[in-house]
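# Coordinate analysis (summary)
The lines below spell out each chain.
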Amino acid sequence: MKGLSLDHLETLTEKDFQLLSSAAGKINGPVCTLLPTAAFFLGMPPQPARKLIDAGCAIAIASDYNPGSSPSGNMNLVVAMSCIQMKMLPEEAINAATINGAYAMDLQNETGSITVGKKANLIFTKPIPSLAYLPYSFGTNLIDKVMIKGEVVSDEY
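What comes next is a walk through the structure. Predicted model only: the values in this text are computed from it and were never measured.

## Regarding the sheet that holds strand S3 (residues 58-61)
As summarised here, the arrangement of the three strands in space is S1-S2-S3, forming an open sheet in which the pairing is parallel. Two strands bound the open sheet, and with one partner strand each, they are strand S1 (5-7) and S3. Recorded for the sheet is a direction-independent mean angle of 30° between the axes of neighbouring strands. The pairing of strand S2 (residues 31-34) with S3 spans four bridges and is parallel.

Rendered as structure tokens:
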């Protein structure tokens, strides 16, 4: 059906994995968008991110922020849950939250990476020892400032 994004994926069967694996890596193939806070809030098992990645699937992560299944838009928590519960590496989770998320919405030419010509929508952290510190410190606000379209919109966190 040529969908951009396949969302949730909490209850995949072996046949589903085979189908996703056969579509993985194809140009304009679907992005598997996983929503760890929705699974958490609904009491469902975490999505099988590691198995999907190992099958060659592109993964995006998002909050599914809504009052019915995920009343949190906290992407730091989403990244942490992706690493802790879904066994993603910090680099994989950050990639899934940025460039792969942009692909899942067909916005990869505008956002999702630091590239000349794209919108400069950035979050600057306080000094951290490594990328792995982001999911490790999920309960700590590490934001120093936020930039939207190249303009600092807030530096008071």
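Once you've had a look at it, read on.
## Remarks on helix H4 (residues 75-84)
Taken together, the buried positions of H4 are occupied by Val78, Val79, Ala80, Met81, Ser82 and Cys83. Along its buried surface, H4 packs onto helix H2 (36-42), S3, helix H5 (90-97) and helix H7 (133-136). Of the residues that open H4, the one with a side-chain oxygen 2.9 Å from the backbone nitrogen of Asn76 is Asn74.

## Overview of the pattern of salt bridges
Throughout the structure, instances matching the rule amount to four salt bridges. Across the salt bridge formed by Arg50 and Glu92, the nearest N and O atoms sit 2.9 Å from each other. Placement of Arg50 in helix H3 (residues 49-54) and of Glu92 in helix H5 is noted, with a sequence separation of 42 residues between them. Owing to a relative accessible area of 21%, Glu92 belongs among the partly exposed residues under this scheme. Among the salt bridges present, the one from Glu110 reaches Lys119, with a minimum N-O distance of 3.6 Å. Residue classification places Glu110 among the partly exposed positions, given a relative accessible area of 35%. The structure contains a network of salt bridges with shared partners spanning Arg50, Asp54 and Glu92.

## Side note on the side chain of Gln47
Along the chain, Gln47 turns up in the loop between H2 and H3. Looking at Gln47, its side chain comes within polar contact range of the main-chain oxygen of Leu35, at 3.2 Å. In contact with Gln47, other than residues within four places in its own chain, are His8, Leu9, Glu10, Leu34, Leu35, Pro36, Ala39 and Met86.

## Notes on the nonpolar core
A general trend in soluble globular proteins is that nonpolar side chains are found buried together. Within the largest apolar cluster, 17 residues are counted, with the highest numbers of intra-cluster contacts made by Cys32, Leu34, Leu52, Ile59, Ile61 and Met88. Every element with two or more residues in this core is listed here: helix H1 (14-23), S2, H3, S3, H4 and H5. A per-element tally of this core places H4 first, with three residues. Every residue in contact with Leu52, bar those within four places of it in the chain, is listed here: Leu9, Leu12, Phe17, Leu20, Cys32, Leu34, Cys57 and Ile59.

Rules and cut-offs
- Residues numbered from 1 in each chain as written.
- Predicted model: local features only at pLDDT ≥ 70, side-chain atom pairs only at ≥ 80, totals over all residues.
- Heavy atoms only, no water.
- Pairing = 2+ DSSP bridges.
- Helix = DSSP H or I, 4+ residues; strand = E, 2+ residues; numbered from the N terminus.
- Axes fitted to C-alpha atoms, helices over the stretch in contact; angles between N-to-C directions.
- Buried < 20%, exposed > 50% of the residue type's maximum accessible area, 1.4 Å probe, protein only.
- Contact = heavy atoms within 4.5 Å.
- Polar contact = N/O pair within 3.5 Å; in protein donor to acceptor, adjacent residues only side chain to side chain.
- Salt bridge = Lys/Arg side-chain N within 4 Å of Asp/Glu carboxyl O.
- Core = buried A, V, L, I, M, F, W, Y, C linked by side-chain atoms within 4.5 Å.

Bear in mind that shape data such as this cannot, by itself, settle questions of function.
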